[in-house]
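Summary of structural features
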Protein chains: 2
Amino acid sequence: MKSPKISEAVVRRLPIYLRYLNELEKNGVTTVSSQELGQRLDLNPAQIRKDLAYFGEFGKKGIGYDVGYLIEKIRNILKLNRIIPVALVGAGNLGRALCNYNAYLRDNMKIVAVFDASPDKIGQQINNLTVQPMEALAARMAELKVRIGIITVPAAEAQQVANQFVEAGVEAILNFAPVIIRVPASVRVHHADFTADLQSLAYYLD
Amino acid sequence: MKSPKISEAVVRRLPIYLRYLNELEKNGVTTVSSQELGQRLDLNPAQIRKDLAYFGEFGKKGIGYDVGYLIEKIRNILKLNRIIPVALVGAGNLGRALCNYNAYLRDNMKIVAVFDASPDKIGQQINNLTVQPMEALAARMAELKVRIGIITVPAAEAQQVANQFVEAGVEAILNFAPVIIRVPASVRVHHADFTADLQSLAYYLD
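Residues numbered from 1 in each chain as written. Chains lettered and ligands numbered in written order. Predicted model: local features only at pLDDT ≥ 70, side-chain atom pairs only at ≥ 80, totals over all residues. Heavy atoms only, no water.

Quick word on the packing of helix 2 (residues 34-41) of chain B against helix 3 (residues 45-53) of chain B
All names here are of chain B. One way to put it is that helix 2 packs onto helix 3 with a least axis distance of 8 Å and a crossing angle of 115 degrees. Judged on the interaxial angle alone, helix 3 and helix 2 are roughly perpendicular. Considering how the two elements wind past one another, helix 2 and helix 3 form a crossing that is right-handed. Of the residues in helix 3, those in contact with Ser-34, Gln-35, Leu-37 and Gly-38 of helix 2 are Pro-45, Ile-48 and Arg-49. Counted by class, the contact of helix 2 with helix 3 contains three nonpolar, three polar and one charged residues. (Axes fitted to C-alpha atoms, helices over the stretch in contact; angles between N-to-C directions. Helix = DSSP H or I, 4+ residues; strand = E, 2+ residues; numbered from the N terminus. Parallel < 35°, antiparallel > 145°, perpendicular 65-115°, else oblique. Left-handed = near helix turned anticlockwise from the far one by under 90°. Contact = heavy atoms within 4.5 Å. Nonpolar A, V, L, I, M, F, W, Y, C, P; charged D, E, K, R; others polar.)

Things to note about the relation of the copies chain B and chain A
Here two copies of a chain appear, and what relates them is a rotation about an axis with a shift along it. If you rotate chain B by 180 degrees and push it 0.0 Å along the axis, it lands on chain A with an RMSD of 0.0 Å. What the rotation and shift describe, once combined, is the action of a two-fold rotation axis. The position closest to the rotation axis in chain B is occupied by the C-alpha of Asn-93 of chain B, lying 2.3 Å away. Here 100% of the interface residues in chain B have copies in chain A that are interface residues too; the copies meet face to matching face. (Least-squares fit on C-alpha atoms with pLDDT ≥ 70 in both.)

Regarding the side chain of Arg-19 of chain B
With respect to the secondary-structure elements, Arg-19 of chain B resides in helix 1 (residues 8-26). Look past the residues within four positions of Arg-19 of chain B in its chain and what remains in contact with it is Ile-180, His-191 and Asp-193 of chain A.

Re the sheet that holds strand 5 (residues 109-116) of chain A
Residue and element names in this part refer to chain A. Taken together, the seven strands give an open sheet; going across it, the order is 6-7-5-4-8-9-10, and neighbouring strands pair in mixed fashion. Lying at the two open borders of the sheet, with one neighbouring strand each, are strand 6 (125-126) and strand 10 (188-191). Pairing geometry for strand 4 (residues 84-89) and strand 5, over six bridges, is parallel. Looking at strand 5, one finds that Ile-84 is bridged to Met-109. (Pairing = 2+ DSSP bridges.)

A closer look at the environment of Ile-126 of chain B
Mapped onto the secondary structure, Ile-126 of chain B falls in strand 6 (residues 125-126). The residues contacting Ile-126 of chain B, other than those within four sequence positions of it, are Ala-91, Arg-96, Cys-99, Val-114 and Val-131 of chain B.

Description of unusual backbone geometry
The phi dihedral of Lys-79 of chain A is positive, around 55 degrees, even though this residue is not glycine. Along the polypeptide, Lys-79 of chain A turns up in the loop between helix 4 (67-77) and strand 4. In this structure, Asn-127 of chain B is a non-glycine residue whose phi angle is positive, near 50 degrees.

Brief notes about the interface of chain B and chain A
Listed by partner, the interface residues are 65 residues for chain B and 65 residues for chain A. Taken over both partners, the interface formed by chain B and chain A buries close to 6700 Å², and the fraction arising from carbon and sulfur atoms is 63%. Among the residues of chain B in contact with chain A, Phe-194, Tyr-203 and Leu-205 of chain B are the three that bury the most area, contributing 13% of the side total. Summed over the shared surface of chain B and chain A, the result is four salt bridges. Between Arg-182 of chain A and Glu-23 of chain B there is a salt bridge, with its nearest N and O atoms 3.5 Å apart. Our count for the contact surface shared by chain B and chain A stands at 15 residue pairs in polar contact (both at pLDDT 80 or more). (Buried area = accessible area lost by both parts, 1.4 Å probe. Salt bridge = Lys/Arg side-chain N within 4 Å of Asp/Glu carboxyl O. Polar contact = N/O pair within 3.5 Å; in protein donor to acceptor, adjacent residues only side chain to side chain.)

With respect to the environment of Val-112 of chain A
Residues and elements named next belong to chain A. Considering the arrangement of structural elements, one finds Val-112 in strand 5. For Val-112 and Gly-38, which are 74 residues apart along the polypeptide, the C-alpha to C-alpha distance reads 35 Å. Beyond its immediate sequence surroundings of up to four residues, Val-112 is in contact with Pro-85, Val-86, Leu-129, Leu-144 and Val-146.

As for the domain arrangement of chain A
Residue and element names in this part refer to chain A. Along its sequence, chain A is organised into domain 1 (8-77) and domain 2 (84-196). Here the C-alpha centre of domain 2 lies 30 Å away from the C-alpha centre of domain 1. A buried area of about 370 Å², summed over both sides, lies between domain 1 and domain 2, and 27% of it is on carbon and sulfur atoms. The three residues of domain 1 that bury the most area against domain 2 are Glu-8, Arg-12 and Arg-75, which together make up 87% of that side's buried surface. Inspection of the domain 1/domain 2 interface yields zero salt bridges. Summed over the shared surface of domain 1 and domain 2, the number is one residue pair in polar contact (both at pLDDT 80 or more). Top element by residues in the side of domain 1 that touches domain 2 is helix 1 (residues 8-26). It accounts for three residues. (Domains from an automatic or database assignment.)

This is how it looks when you write it as structure tokens:
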């Protein structure tokens, strides 16, 4: 399913389609048009049709997309049906907030371990997770077969945490620290940058 | 400067270029090639050249881009030199974490007011900001000329907060609640969705 023709921009839009489709399904809606998707998600309908056409002929002219079928297709494309354990380093405000999102993730993709360097934080409970010391990271991540790491430490500590994640064998990192981290080419990094979100919104102000 | 030809995907990449260029400038680097930018940011160099070409001929063949000049150009395109006051509703873990990012924002674009409905939170200090009651929102936002609103409340409360922001005259909303909010077409909404970030990373796992 992984085709080199699919750009990161498309891959990043698929979860956004998925979120809205899940909401439609919850409300009993069975069919949706690209026009309606576009209106709700502030995207061009032609763009949506083009994105979804990468993966096959899902829609029917004049009828639209079958919601349940499209959900399953997108989940398959993103391979979300696999078990994907996630670890987080940095149990501050942001780290705690992200752990609270666990409730919105399906059972197969969840934060399963939280680490912090600060003696104050080690041993604290965040929902069902106990904050563990950095010394435990490698062993615990191997045990839990963690595949994705989340970084929510201050900028100055982010690279060191990234190095530890790489040594522990993560395949992907979601970095919330406002700094660019360097990792081997085999590890995928996404920067989740709140300031970049705000700056791109500024473009649309009059 | 606002051209209808510029897609949201391009607008969203500009702050990412800006962040790296700022880092280069801080380290005394004066010139950078699209190859180097691409390698650091995990983007295709041709894509970067195409993005920047929307706004004029910034690069020189065989030499690359002048870092300082490009920073100023991107800041102008995003119109970041204006004063852009931002308000936030929801003083939980995520709201507090975002207020801490204020230190990374330039003086002209900052969170200037924080609101919450909970009596426990009203009056609390987050850095230099005092959490204020929702009843104060309209008056305080008018006074501070707030242009962008940030939503960090639970999903069930997000739509109501969006309505209040719209009534108070915001032009753009950054929504962190895991739910799709409805606003008039004149208001721009970006969803900052942590679960979508994780799901798009899953695509790149083997």
